[in-house]
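# Structural overview for review
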Amino acid sequence: MAIRIPRIIKKSSTSGDVPKGYFAVYVGEKQKKRYVIPLSFLSQPLFQDLLSQAEEEFGFDHPMGGLTIPCSENVFIDLTCRLRKAVEEALKLRVSQERNRYDVSSSVLSLQNVLLLAAAYLTF
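Residues numbered from 1 in each chain as written. Predicted model: local features only at pLDDT ≥ 70, side-chain atom pairs only at ≥ 80, totals over all residues. Heavy atoms only, no water.

Below, the discussion takes up the overall build of the chain. A count of helices and strands for the chain gives three helices and four strands. Just so you have it, the chain exposes about 8200 Å², and 54% of that area is on carbon and sulfur atoms. (Helix = DSSP H or I, 4+ residues; strand = E, 2+ residues; numbered from the N terminus. Areas by Shrake-Rupley, 256 points an atom, 1.4 Å probe, with all protein chains shown as cover.)

Written out as structure tokens, the structure is:
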């Protein structure tokens, strides 16, 4: 059975390929793998718990030169899947609130407006 890595995170091999709004972390027990994840995860309590564990284990001296998360790759992927779902649900709620705020039906709300709301939410 293969593990599917969610779209919101991706494995990354070089330091120059981190897009705006994202950051790189190293994950794994023995062999560290580099992932690029959205900055919006920083505000999530589950991810903050991981950051606290990283601080306890590594302090500010991370062996890979970047932020190292002290957990297995499978645990990290599971956590990021849950975070992605939480962010998507929050975005849906925000879009719903905006529809109600402007009293606009879902068929009138344009895809462009939804994408603008998504971009604004993910940068917070």
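Turning our eyes to something else, we now look at the environment of Leu50. With respect to the helices, strands and loops of the structure, Leu50 is situated in helix α1 (residues 45-58). Assessed through its relative accessible area of 7%, Leu50 is described here as buried. Residues Leu50 and Phe76, spaced 26 residues apart in sequence, show a C-alpha to C-alpha distance of 9.2 Å. If sequence neighbours within four positions are ignored, Leu50 has contacts with Ile69, Pro70, Cys71, Phe76 and Leu79. (Buried < 20%, exposed > 50% of the residue type's maximum accessible area, 1.4 Å probe, protein only. Contact = heavy atoms within 4.5 Å.)

What follows is about the pattern of salt bridges. Pairs can form between side chains of opposite charge once their charged atoms are near each other. On inspection of all chains with the given rule, the structure shows four salt bridges. Here Glu73 and Lys33 are joined by a salt bridge, their closest N and O atoms 3.4 Å apart. Here the residue Glu73 occupies a position in helix α2 (residues 73-102), and Lys33 occupies one in strand β3 (residues 33-38), the gap between them amounting to 40 residues. (Salt bridge = Lys/Arg side-chain N within 4 Å of Asp/Glu carboxyl O.)

In this structure, Val25, Ile37, Phe47, Ile69 and Phe76 are the most contacted members of the largest nonpolar core, which totals 16 residues. Elements with a contribution of two residues or more to this core: β2 (22-27), β3, α1 and α2. Setting aside chain neighbours within four positions, we find Ile69 in contact with Val25, Tyr26, Val27, Gly28, Phe47, Leu50, Leu51 and Phe76. (Core = buried A, V, L, I, M, F, W, Y, C linked by side-chain atoms within 4.5 Å.)

The next point concerns the pairing of β2. Here β2 lies mainly inside the structure; five of its six residues are buried. Two elements, β2 and β3, share six bridges in a ladder whose sense is antiparallel. Across the sheet, the residue bridging to Tyr22 is Pro38, located in β3. Between the antiparallel neighbours β2 and β3 lie five residues, among them Gly28 with a positive phi of about 140°. Where β2 meets strand β4 (residues 67-69), three bridges bridge the pair, whose relative direction is parallel. (Pairing = 2+ DSSP bridges.)

Attention now moves to the confidence of the model for the chain. With 69% of its residues at a pLDDT of at least 70, the chain reaches an overall mean of 75. Confidence, expressed as mean pLDDT per element, reaches its minimum in the chain at strand β1 (residues 10-11) with 50 and its maximum at β3 with 90. Confidence drops under a pLDDT of 50 for residues 1-9, and excluding neighbours within four residues, the segment shows 26 contacts in the predicted structure. (pLDDT = per-residue confidence, 0-100.)

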